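Given next are the chains, with one letter for each unit.
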Amino acid sequence: MALRRVLALGTALGRRSCCSKPSLPPDFVEALSAVVGAPNVSTATAVREQHGHDESMHPCAPPDAVVWPQSVGQVQELAALCYRRRVPMVPFGTGTGLEGGVNAVQGGVCFDLSRMDSIAELSLEDFSVTVEPGVTRKALNSHLRGTGLWFPVDPGADASLCGMAATGASGTNAVRYGTMRPNVLNLRVVLPDGRLLHTAGPGRQARWVLGPGGCAGLATPGCTCSPAPHRKRAAGYDLTSLFVGSEGTLGFLTQATLRLHPLPEATAATIASFPGVGAAVACTVQVLQAAVPVARIEFLDEVMADACGRYSGMGLPVAATLLLELHGSRNSLAEQQRQTEEIVRLNGGSGLAWAEEPEERGRLWAMRHNAWYAALALRPGCQGYSTDVCVPISRLPDVVVETKQDLQDSGLTGPMVGHVGDGNFHCILVFNTQDPEEAQRVHAFTQRLGRRALAAGGTCTGEHGVGLGKRALLLEELGQEGLDTLRSIKAALDPHNLMNPGKVL
């Protein structure tokens, strides 16, 4: 618990530990069983502990019971039951979050939605598909194999797609294809009292406006368009965007209609090494300014490059590094490669060798996706905490260089990695949680980094969400009026504060 005290990752809020005993009355547990069946309700300690934490550093806070609904009707009945009895409710997908979003800090009932896993309403002509919360991104792309379409938002973990919507996730492809927010077209939400809401109306499909090439994202030779990043719709408030990023605090996302994209005709990936962090980040900015339609552009500082190279066995140079991937037609790809190579050389980069075969590209991106584990391997026995700031591209070089210097001055192990194409980068801080002095330095660093991002016009969280740990920074980011507006929305939809209490606000 030293980490909780020193890092101040949240206030008490009546939080429970993993040794907490369930406190729901037997008749309430029986009522839950009457809705979903006794095999789909558990109060076992091991099950509750499994559902009381995610991948973050926040201590386990188990729910009092776990339920596995298998239909939206069951979710509605369970929610109405909890609402009447004023029992907190916590949605659970795959548990891969990084900000304590599933921790049941006030107990209550955890709704594990993983058994609702249907894929419906696939429309190839409208570039859309409807999924339930048990469907993960890998499962969806496997289902889409052979259609010529894919869902590109890739946070690394094989997360639930509805969970990704709930946290506003993004990942390595966001620079080209966007985050979850523009890729969610409609949501079916069970509100805290059990009512059902379709955020864009029931049964609404995508109707795309034409892209800049006039092809609506169809795989026309030489075209790099995707379907337009929004539905052509001006009917009232944008309720879909309200629930994307709501982190389970406003309702249960029980179905999502998602935007799909055409698979590129050709793909090429490469690794480039640079003489310093500033040169690598400056190269990123220039690639974007040159309008190279890069699909992925990932940054590793020299510490992370060395760690990833050793962990994966790929043997990267110990230098600031960019991993780039280009998508397009075969003819357009050659021109993109030429432009990219020229900009890399102008910034002192070297080592360009393009990988076009799926196996080669797969090894490269597997190395990148294992960066978390590579960082932890730098200090065996220690634990990690990932920061998540995002800043305007114009400020990215200065902020990255200042943060790198801050890490060195603080004496911390914090390799840097980031989706720098959209200004989002992470420091993976590896430290001894039993050392209060080191933990205090980590806390001070994260606060300085968050405020540095805010001062640069950025945000304290680009993709992980607020959860338990960033609520103080959220106030600084939005201001009191902004936070009061969020509280008013929360009170209107969840007047008894039953949906995932203690998170975000």
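Look above for the structure.
Quick look at the structure, then.

The rules we used
- Residues numbered from 1 in each chain as written.
- Predicted model: local features only at pLDDT ≥ 70, side-chain atom pairs only at ≥ 80, totals over all residues.
- Heavy atoms only, no water.
- Helix = DSSP H or I, 4+ residues; strand = E, 2+ residues; numbered from the N terminus.
- Rg over C-alpha atoms; globule rule 2.2 N^0.38 Å.
- Buried < 20%, exposed > 50% of the residue type's maximum accessible area, 1.4 Å probe, protein only.
- Polar contact = N/O pair within 3.5 Å; in protein donor to acceptor, adjacent residues only side chain to side chain.
- Core = buried A, V, L, I, M, F, W, Y, C linked by side-chain atoms within 4.5 Å.
- Contact = heavy atoms within 4.5 Å.
- Pairing = 2+ DSSP bridges.
- Axes fitted to C-alpha atoms, helices over the stretch in contact; angles between N-to-C directions.
- Parallel < 35°, antiparallel > 145°, perpendicular 65-115°, else oblique.
- Left-handed = near helix turned anticlockwise from the far one by under 90°.
- Nonpolar A, V, L, I, M, F, W, Y, C, P; charged D, E, K, R; others polar.
- 1 Å grid on protein atoms, 1.4 Å probe; cavity = no way out; pocket = protein on both sides within 12 Å on 5 of 7 lines; lining within 4 Å.
- Points joined across faces, edges and corners; volume = space filled by probe spheres on them.
- Expected span 1.5 Å × (residues − 1).
- Salt bridge = Lys/Arg side-chain N within 4 Å of Asp/Glu carboxyl O.
- Patch = residues over 30% accessible without salt bridge, like charges linked within 9 Å, V, L, I, M, F, W, Y side chains within 5 Å.
- Areas by Shrake-Rupley, 256 points an atom, 1.4 Å probe, with all protein chains shown as cover.
- Lys, Arg positive; Asp, Glu negative; His and termini not counted.
- Charge placed at Lys NZ, Arg CZ, Asp CG, Glu CD.
- Arc of directions from axis to C-beta.

Thoughts on the overall build of the chain
Looking only at helices and strands, the chain features 17 helices and 18 strands. The C-alpha atoms of the chain give a radius of gyration of 23 Å, which matches the 23 Å a tight globule of 505 residues would have. By its C-alpha atoms, the chain is 70 × 60 × 45 Å across when sized along the principal axes. Burial statistics for the chain: of 505 residues in total, 56% are counted as buried.

Quick word on the side chain of Ser 42
Its location among the elements puts Ser 42 in strand E1 (residues 41-42). By relative accessible area, Ser 42 is classed as buried at 12%. A polar side-chain atom of Ser 42 sits 3.2 Å from the main-chain amide nitrogen of Ala 44.

Re the side chain of His 51
Turning to its location among the elements, His 51 is positioned in the loop between helix H3 (45-50) and strand E2 (65-67). At a separation of 2.7 Å, a polar atom in the side chain of His 51 contacts the side chain of Asp 112.

Describing the nonpolar core
Counting 43 residues, the largest nonpolar core has Phe 274, Phe 299, Leu 322, Val 400, Phe 425, Cys 427 and Leu 429 as the members making the most contacts within it. Elements supplying a minimum of two residues to this core: strand E12 (266-274), helix H10 (277-289), strand E13 (294-300), strand E14 (320-328), helix H12 (330-346), helix H15 (396-410), strand E18 (424-431) and helix H16 (436-455). Broken down by element, the residue count for this core peaks at 6 residues, all from H10. Look past the residues within four positions of Phe 274 in its chain and what remains in contact with it is Ala 279, Ala 280, Cys 283, Ala 319, Ala 320, Leu 322, Val 344, Asn 347, Gly 348 and Gly 349. Residues Val 129, Ala 169, Val 184 and Leu 258 belong to the second largest nonpolar core, which totals 28 residues.

Here we look at the pairing of strand E5 (residues 119-123)
As paired strands, E5 and strand E6 (residues 128-131) are joined by 3 bridges and run antiparallel to one another. Within the sheet, the bridge partner assigned to Ala 120 lies in E6 and is Thr 130. In sequence, E5 turns back onto E6 through a hairpin of 4 residues, with Phe 127 there showing a positive phi of about 55°.

Regarding the sheet that holds E2
With mixed pairing, the 4 strands of this open sheet are ordered in space as E1-E2-E4-E3. Each end of this open sheet is capped by a strand with a single partner; those strands are E1 and strand E3 (89-92). The pairing of E2 with strand E4 (residues 109-112) spans 3 bridges and is classified as parallel. Residue pairing across strands places Val 66 opposite Cys 110, the latter belonging to E4.

Regarding the packing of H16 against helix H17 (residues 471-493)
Running from amino to carboxyl end, H16 crosses H17 at an angle of 15°, the nearest separation of the two axes being 11 Å. Considering the angle they form, H16 stands roughly parallel to H17. The hand of the H16/H17 crossing is right-handed. For the pair H16 and H17, the contacting residues are Gln 447, Gly 450, Arg 451 and Leu 454 in the first and Leu 473, Glu 476 and Glu 477 in the second. The class makeup of the residues in the contact of H16 with H17 is 2 nonpolar, 2 polar and 3 charged.

Structural notes on empty space enclosed by the protein
All told, the structure shown has 3 cavities of 30 Å³ or more when counted by the stated rule. Volume-wise, the second largest cavity comes out at about 50 Å³. Lining the second largest cavity are Glu 55, Ser 56, Met 57, Leu 98, Trp 372, Gly 384, Tyr 385 and Ser 386. Of the residues forming the lining of the second largest cavity, the biggest block, 3 residues, is contributed by strand E15 (residues 383-386). Residues of the lining of the second largest cavity, tallied by class, amount to 4 nonpolar, 3 polar and 1 charged.

Thoughts on H10
Given a rise of 1.5 Å per residue, 13 residues ought to cover 18 Å, and the 19 Å separating the end C-alpha atoms of H10 matches this to within 8%. Of all the positions in H10, only Val 277, Ala 279, Ala 280, Val 281, Cys 283, Thr 284, Val 285 and Val 287 are classed as buried.

Notes on the sheet that holds strand E10 (residues 252-259)
The 5 strands lie next to each other as E5-E6-E10-E8-E9, forming an open sheet whose pairing is antiparallel. Where the open sheet ends on each side, the last strands, each with one partner, are E5 and strand E9 (196-198). Along the sheet, successive strands turn relative to each other by an average axial angle of 10°, direction set aside. Where strand E8 (residues 184-190) and E10 come together, 6 bridges link them in antiparallel fashion. Pairing of Val 190 across the sheet is with Phe 252, part of E10. In the packing of helix H4 (residues 72-85) onto the sheet, the strands contacted are E8, E9 and E10, and the crossing angle to E8 comes to about 50°.

As for the pattern of salt bridges
Summed over the entire model, instances satisfying the criterion amount to 21 salt bridges. For the salt bridge of Lys 470 with Glu 99, the shortest nitrogen-to-oxygen distance reads 2.4 Å. One end of the pair, Lys 470, is in the loop between H16 and H17; the other, Glu 99, is in the loop between E3 and E4, and 371 residues separate them in sequence. Where Asp 406 meets Arg 448, a salt bridge forms, and the shortest distance between an N and an O atom there is 2.9 Å. Taken as a pair, Asp 406 in helix H15 and Arg 448 in helix H16 lie far apart in primary sequence, 42 residues in all. A relative accessible area of 9% places Asp 406 in the buried class. Since its relative accessible area comes to 34%, Arg 448 is described here as partly exposed. A network of salt bridges, in which partner residues are shared, links Arg 137, Asp 154, Arg 296 and Glu 325.

Quick notes on a negative patch on the surface
Side chains of Glu 356, Glu 357, Glu 359 and Glu 360 sit close together on the surface and give a patch of like negative charge. One can find Glu 359 in helix H13 (residues 358-369).

Focus on H15
Given a rise of 1.5 Å per residue, 15 residues ought to cover 21 Å, and the 21 Å separating the end C-alpha atoms of H15 matches this to within 8%. All buried positions along H15 are accounted for by Leu 396, Val 399, Val 400, Thr 403, Lys 404, Asp 406, Leu 407 and Ser 410. Within H15, the buried residues cover an arc of 160° as seen down the axis, which keeps them to one side. With its phi angle positive at about 65°, Gly 411 sits one or two positions after the end of H15.

Shape is all these values report; function is a separate question.
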